[in-house]
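Understanding the architecture of this molecule
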Amino acid sequence: MSITSETTRIVYNGDGATAAFVTPPYYAQADLKVYEVISGPATLRTLGSHYMVSPTSNANGAPAAGTVTFVTAFIPASGTSNVIVERDLAATQSSTVTDTGPFPGKTLEALMDRVMMVAQQVKNKVARAIQLPAGCSLSDITIPNPNTAANQGKFLRVVSTGLDVATPSNADFANPL
């Protein structure tokens with residue numbers, strides 16, 4: 001099989017009535033993560049409690065799209081971009097290819113498909129990450145932990161050495177980007 005789609009993540013608008021949402025291609029139920037945005041950050045929903053997936057696995061081990069169906073009590077409310085279904089394959093490899101015997105074409109194809117799907121997931125995450133421009137010489141920047149008391153009420157600002165955490169003042173807003 002070939003991988004003809006780069007879709008790893010699908011974002012939907014809930015309407016308070018629709019329960020079923022198409023998934024990106026996957027191998028098994030455990031390969032999918034379903035999030036709902038109610039207020040604030042996205043909340044990871046639980047398979048079996050909040051939603052079901054069909055089919056539970058795909059025929060012949062080939063990846064294919066399926067359907068996430070929310071349980072009646074958890075049908076997503078109306079909202080913009082409030083339902084997120086994404087493939088999250090473990091970056092593992094469970095097949096062994098030996099150097100003797102017939103050429104294992106189907107096994108090799110399945111391994112290549114899985115590697116390509118994991119590469120697509122990485123590409124998707126990188127595309128949604130904050131990135132430095134190509135001409136920037138900074139590297140290895142770590143964003144401070146926003147959950148520490150010392151960083152509450154502060155913001156990130158750009159300084160000559162990279163990023164800094166600061167308490168807002170009027171001077172910080174004198175030179176906007």
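As for the overall build of the protein chain
Helix and strand counts for the protein chain come out as one helix and nine strands. If you list the helices and strands of the protein chain from N to C, you get β-β-β-β-β-β-β-α-β-β. Here the C-alpha radius of gyration of the protein chain, 22 Å, is well above what a compact globule of 177 residues would show, namely 16 Å. In terms of its C-alpha atoms, the protein chain occupies a principal-axis envelope of roughly 70 × 50 × 25 Å.

Observations regarding the side chain of Gln121
Along the polypeptide, Gln121 turns up in helix H1 (residues 105-127). At a separation of 3.5 Å, a polar atom in the side chain of Gln121 contacts the side chain of Arg87. Among residues more than four places away in sequence, those in contact with Gln121 are Thr8, Arg87, Asp88 and Leu89.

A short note on the packing of aromatic side chains
Inspection of every chain in the model, using the stated rule, returns three aromatic pairs. Where Phe21 meets Phe70, the ring centres are 5.8 Å apart and the plane angle is 90 degrees; that geometry is what we call edge-to-face. On the criterion of sequence distance, the pair formed by Phe21 in strand S2 (residues 20-22) and Phe70 in strand S6 (residues 67-70) is long-range, its members being 49 residues apart. As far as burial versus exposure is concerned, Phe21 and Phe70 are alike and both buried. Aromatic side chains Tyr51 and Phe70 sit 6.3 Å apart centroid to centroid with 55 degrees between the ring planes, which places their arrangement in the tilted category. On the criterion of sequence distance, the pair formed by Tyr51 in strand S5 (residues 51-54) and Phe70 in strand S6 is long-range, its members being 19 residues apart. Each member of the pair, Tyr51 together with Phe70, is buried. Among the aromatic side chains, those forming a connected cluster through ring pairs are Tyr12, Phe21, Tyr51 and Phe70.

Some details on the pattern of salt bridges
By the definition in use, this model includes five salt bridges. A salt bridge links Glu86 to Arg9, with the shortest nitrogen-to-oxygen separation between them at 3.5 Å. Of the two residues, Glu86 is situated in strand S7 (residues 83-87) and Arg9 in strand S1 (residues 9-12); the sequence distance between them amounts to 77 residues. Put simply, Asp88 and Lys33 hold a salt bridge, and the shortest N to O gap is 3.0 Å. Residue Asp88 is located in the loop between S7 and H1, and its partner Lys33 is located in strand S3 (residues 32-36); the two are separated by 55 residues in the primary sequence. Relative accessible area serves as the criterion here: at 25%, Asp88 is assigned to the partly exposed category. Among the charged side chains, a network of salt bridges with common partners joins Arg9, Glu86 and Arg128.

A closer look at H1
The end-to-end C-alpha distance of H1, which contains 23 residues, comes to 32 Å, matching closely the 33 Å that a straight helix rising 1.5 Å per residue would cover. Of all the positions in H1, only Leu111, Asp113, Met117, Val118, Gln120 and Gln121 are classed as buried. On the buried face of H1, the contacting elements are S7.

Examining the pairing of S7
Of all five residues making up S7, five are buried, and the element is well covered by its neighbours. Neither face of S7 is exposed, since Val83, Val85 and Arg87 on one face and Ile84 and Glu86 on the opposite face are all buried. Examined bridge by bridge, S1 and S7 share four bridges and lie antiparallel to one another. Note on S7: the bridge partner recorded for Ile10 is Val85.

Reading the values: rules and limits
- Residues numbered from 1 in each chain as written.
- Predicted model: local features only at pLDDT ≥ 70, side-chain atom pairs only at ≥ 80, totals over all residues.
- Heavy atoms only, no water.
- Helix = DSSP H or I, 4+ residues; strand = E, 2+ residues; numbered from the N terminus.
- Rg over C-alpha atoms; globule rule 2.2 N^0.38 Å.
- Polar contact = N/O pair within 3.5 Å; in protein donor to acceptor, adjacent residues only side chain to side chain.
- Contact = heavy atoms within 4.5 Å.
- Phe/Tyr/Trp six-rings, centres within 6.5 Å; stacked < 30°, edge-to-face > 60°.
- Buried < 20%, exposed > 50% of the residue type's maximum accessible area, 1.4 Å probe, protein only.
- Salt bridge = Lys/Arg side-chain N within 4 Å of Asp/Glu carboxyl O.
- Expected span 1.5 Å × (residues − 1).
- Pairing = 2+ DSSP bridges.

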